[in-house]
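Residue-level listing of the chains:
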Amino acid sequence: MARAVMDRNPSPPPPSRDEEEDDEGAGGDCIGSTVYSKHWLFGVLSGLIQIVRPQNTKSSSYDEEQQMELDEEMENEICRVWDMSMDEDVALFLQEFNAPDIFMGVLARSKCPRLREICVGILGNMACFQEICVSISSDKNLGQVLLHCLYDSDPPTLLETSRLLLTCLSQTEVASVWVERIREHPAIYDSICFIMSSSTNVDLLVKVGEVVDKLFDLDEKLMLEWIRNGTAQPLDQPQEDSEEQPVFKIVPCVLEAAKQVRSENPEGLDVYMHILQLLTTVDDGIQAIVQCPDTGKDTWTLLFDLVCHEFCQSDDPPIILQEQKTMLASVFSVLSAIYASQADQEHLKKEKDLPLIDSLIRVLQNMEHCQKKPENSVESSQEENKKSDATQDDFHLKILKDISCEFLSNIFQALTKETVAQGLKEGQLSKQKCFSAFQNLLPLYSPVVEDFIKILHEVDKALADDLEESFPTLKVQA
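Calculation rules
- Residues numbered from 1 in each chain as written.
- Predicted model: local features only at pLDDT ≥ 70, side-chain atom pairs only at ≥ 80, totals over all residues.
- Heavy atoms only, no water.
- Helix = DSSP H or I, 4+ residues; strand = E, 2+ residues; numbered from the N terminus.
- Buried < 20%, exposed > 50% of the residue type's maximum accessible area, 1.4 Å probe, protein only.
- Contact = heavy atoms within 4.5 Å.
- Areas by Shrake-Rupley, 256 points an atom, 1.4 Å probe, with all protein chains shown as cover.
- Core = buried A, V, L, I, M, F, W, Y, C linked by side-chain atoms within 4.5 Å.
- Axes fitted to C-alpha atoms, helices over the stretch in contact; angles between N-to-C directions.
- Parallel < 35°, antiparallel > 145°, perpendicular 65-115°, else oblique.
- Left-handed = near helix turned anticlockwise from the far one by under 90°.
- Nonpolar A, V, L, I, M, F, W, Y, C, P; charged D, E, K, R; others polar.
- Salt bridge = Lys/Arg side-chain N within 4 Å of Asp/Glu carboxyl O.
- Phe/Tyr/Trp six-rings, centres within 6.5 Å; stacked < 30°, edge-to-face > 60°.
- Lys NZ or Arg CZ within 6 Å of the ring centre and 35° of its normal.
- Expected span 1.5 Å × (residues − 1).
- Polar contact = N/O pair within 3.5 Å; in protein donor to acceptor, adjacent residues only side chain to side chain.
- pLDDT = per-residue confidence, 0-100.

A. Main features of the overall build of the chain. Check the secondary structure of the chain and you find 28 helices and 0 strands. Counting every position in the chain, which comprises 478 residues, the buried fraction comes to 47%. Taking the contacts inside the chain whose residues are at least 6 apart along the sequence as the reference set, 75% of them involve residues at least 24 apart. When the accessible area of the chain is evaluated, it comes to approximately 23,500 Å², of which 48% is carbon and sulfur surface.

In structure tokens, the structure reads:
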């Protein structure tokens, strides 16, 4: 299929339309309501066609080297088209005159990284408009060529290809078309895993992460296929072959990308944390994290460090939770899944329960602050406009609360008398913190809290009595 595409010639703009414009005067040369010239754009597109015509392709190594470079004047002009393509009138005009077909010819034939990047970038801009996105997505040959760009070695081209894919996957009318195409190309998995595990380009890692996140969110079947990829190597494969062709596993690749974007792009880290959370929604995903001790430990270590030393710290203002709520929900969800699946692992030693309790209770306390409504507020038109955003915030905070409470209850169930005594001594289980924990855990997790009170009676009876006074339903029956 790809070979057949490469043999196609791009279709030039119909000459008749160009001739007609000559008769319309200066005003008729404008594209839609813009000031951009149709004739100038025709010239640029014609120049692109000349670049990829087979008769212009020579066999000498010198000419091959020349093909890797883009003439400065042509680069400036095609970059102008790239900028212009963000305008809907220009995008529709390009679509009408078969520009995607020309770009497909460039991508199939050109060895110039900069030219390939720009052509994919223009298509990415055009795909932002629904009508054009549907048209681009329905072209099977163009789809094949674009997916083939994911095997490119040029980071800027990979970035623009990922941006284009994400745009198409975000359009409900065509998302399933791209999911199915990606499923039909298993090598895309290896390419994406290679990028996540080896690239240092943060912008590229973030965009690739967004593509993976969207794919997993759209199609659980594809996610399961990618989870299972690389889990087993053929027994008859020689060792030297396996070294030449590394077997990529999804979780280590996601972790490596997360570590790379961590300090430079919080939004990108949020994306990779959500990918991990999506993986834990299926049993195979949880097993992919915990089955290999090293992978389970690496995942736990990274996430534990985030919640205990980076997010929602004691000296942060409570409102910081609004910025971190989706990230924390993902992180706590994954930690909770690991905690429930790997209770006997070395990296889950009980002394790590107390820092987690401290973080979870602090999040719940900050949540109470964020959810307080100002009294006697007069609703203005501006406040009315913010109502939907506030509703969305409340929704995400509720998710975070549910996840935090479930995780906290799991840790409470594992507490021993010695750990409780240590927590009282170090302050993680102070009266105020226990009160906040109980306030959020009750009544849903009453049995867990009741068991904790029984231990507390043995360690600090006075504190246990105080808490029972505040929560009468917890009084231990004689």
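There's plenty left to go through after this.
B. Looking closely at the nonpolar core. Grouped together as the largest cluster of nonpolar side chains are 153 residues, with contacts concentrated most on Met196, Trp226, Phe412 and Phe438. Ranked by the residues each element gives to this core, the list is headed by helix α21 (residues 320-341), at 11 residues. In contact with Trp226, not counting residues within four places along its chain, are Ile182, Ile188, Tyr189, Ile192, Val212, Leu215, Phe216 and Ile250.

C. Representation of the environment of Thr157 within the structure. In this fold, Thr157 is placed in helix α11 (residues 155-169). Spatially, the C-alpha atoms of Thr157 and Ile118 are 7.8 Å apart, while their sequence positions differ by 39 residues. Sequence-distant contacts of Thr157, that is, excluding residues within four places in its chain, are made with Pro113, Arg116, Glu117 and Asp152.

D. Region of the structure containing the packing of helix α17 (residues 250-261) against helix α20 (residues 293-309). Following both chains from N to C, one finds α17 and α20 inclined at 30°, their axes separated by 10 Å at the closest point. Comparing their axes, α20 and α17 come out roughly parallel. Note on packing geometry: the crossing formed by α17 with α20 is left-handed. Every residue of α20 that contacts α17 at Val251, Pro252, Leu255, Ala258 and Lys259 is listed here: Thr295, Asp298, Thr299 and Leu302. Each residue belonging to the contact of α17 with α20 can be placed in one class, and the counts come to 5 nonpolar, 2 polar and 2 charged.

E. Quick peek at the pattern of salt bridges. This model, assessed by the stated rule, comprises 17 salt bridges. Arg114 is the partner of Glu75 in a salt bridge, and the nearest nitrogen-oxygen pair spans 2.8 Å. Highlighted residues: Glu75 in helix α5 (residues 72-84) and Arg114 in helix α8 (residues 113-126), separated in sequence by 39 residues. Ionic pairing is found between Asp284 and Arg228, a salt bridge with its closest N-O pair at 2.7 Å. With Asp284 in helix α19 (residues 283-290) and Arg228 in helix α15 (residues 220-228), this pair connects stretches of sequence that are 56 residues apart. The network of salt bridges with common partners includes Glu180, Arg183, Asp219 and Glu225.

F. Fine view of the packing of aromatic side chains. A complete count under the given rule lists 14 aromatic pairs for this structure. Judged by centre distance (4.7 Å) and plane angle (45°), the ring pair of Phe93 and Phe97 falls under tilted. When its relative accessible area of 3% is taken as the criterion, Phe97 is described as buried. The ring of Trp40 has Arg80 sitting right over it, with the charged end atom 4.3 Å from the ring centre. The aromatic ring of Trp178 is capped on one face by Arg181, whose charged end is 4.8 Å from the ring centroid.

G. Seen up close, unusual backbone geometry. Between Leu442 and Pro443 the backbone carries a cis peptide bond, its omega angle lying at 0°. Structurally, Pro443 is set in the loop between α26 (431-441) and α27 (446-459). Positive phi, close to 65°, is recorded for Asn98, a residue that is not glycine. Checked against the element boundaries, Asn98 lands in the loop between α6 (88-96) and α7 (99-109).

H. Structural view of α11. Over its 15 residues, α11 extends 21 Å from the first C-alpha to the last, a length consistent with the 21 Å expected when each residue adds 1.5 Å. When we look at burial in α11, the residues that qualify are Thr157, Leu158, Glu160, Thr161, Ser162, Leu164, Leu165, Leu166, Thr167, Cys168 and Leu169.

I. Local environment of the packing of α20 against helix α22 (residues 353-370). Across the interface, α20 lies against α22 with an axial gap of 9 Å and an inter-helix angle of 50°. In terms of orientation, α20 lies oblique with respect to α22. Helix-helix and strand crossings are classified by hand; for α20 and α22 the assignment is left-handed. Between α20 and α22, the residues in contact are Trp300, Phe304, Val307 and Cys308 and Pro355, Leu356 and Ser359, respectively.

J. Molecular detail of the side chain of Arg116. Checked against the element boundaries, Arg116 lands in helix α8. Once residues lying within four places of it in the same chain are set aside, the contact partners of Arg116 are Val106, Leu107, Ser110, Cys149, Asp152 and Thr157.

K. Quick look at the side chain of Arg183. For Arg183, the location among the structural elements is in helix α12 (residues 175-183). Engagement of the side chain of Arg183 in a polar contact is seen with the side chain of Asp219, the distance being 2.4 Å. Every residue in contact with Arg183, bar those within four places of it in the chain, is listed here: Asp219, Lys221, Leu222 and Glu225.

L. Representation of the confidence of the model for the chain within the structure. On average, residues of the chain score 85 in pLDDT, and 81% of them reach the 70 mark or higher. For residues 1-26, every residue scores under 50 in pLDDT, and the model assigns this stretch 43 contacts once sequence neighbours within four places are set aside. Taken as a whole, residues 233-243 scores under 50 in pLDDT and shows 3 contacts with residues more than four places along the chain or in a different chain.

M. Fine view of the environment of Val261. Locating Val261 in the fold gives a position in helix α17. In the structure, Val261 is positioned 61 residues away from Thr200 in sequence and 8.6 Å away in space, judged by C-alpha atoms. In contact with Val261, other than residues within four places in its own chain, are Val202, Leu205, Val206, Gly268, Leu269 and Tyr272.

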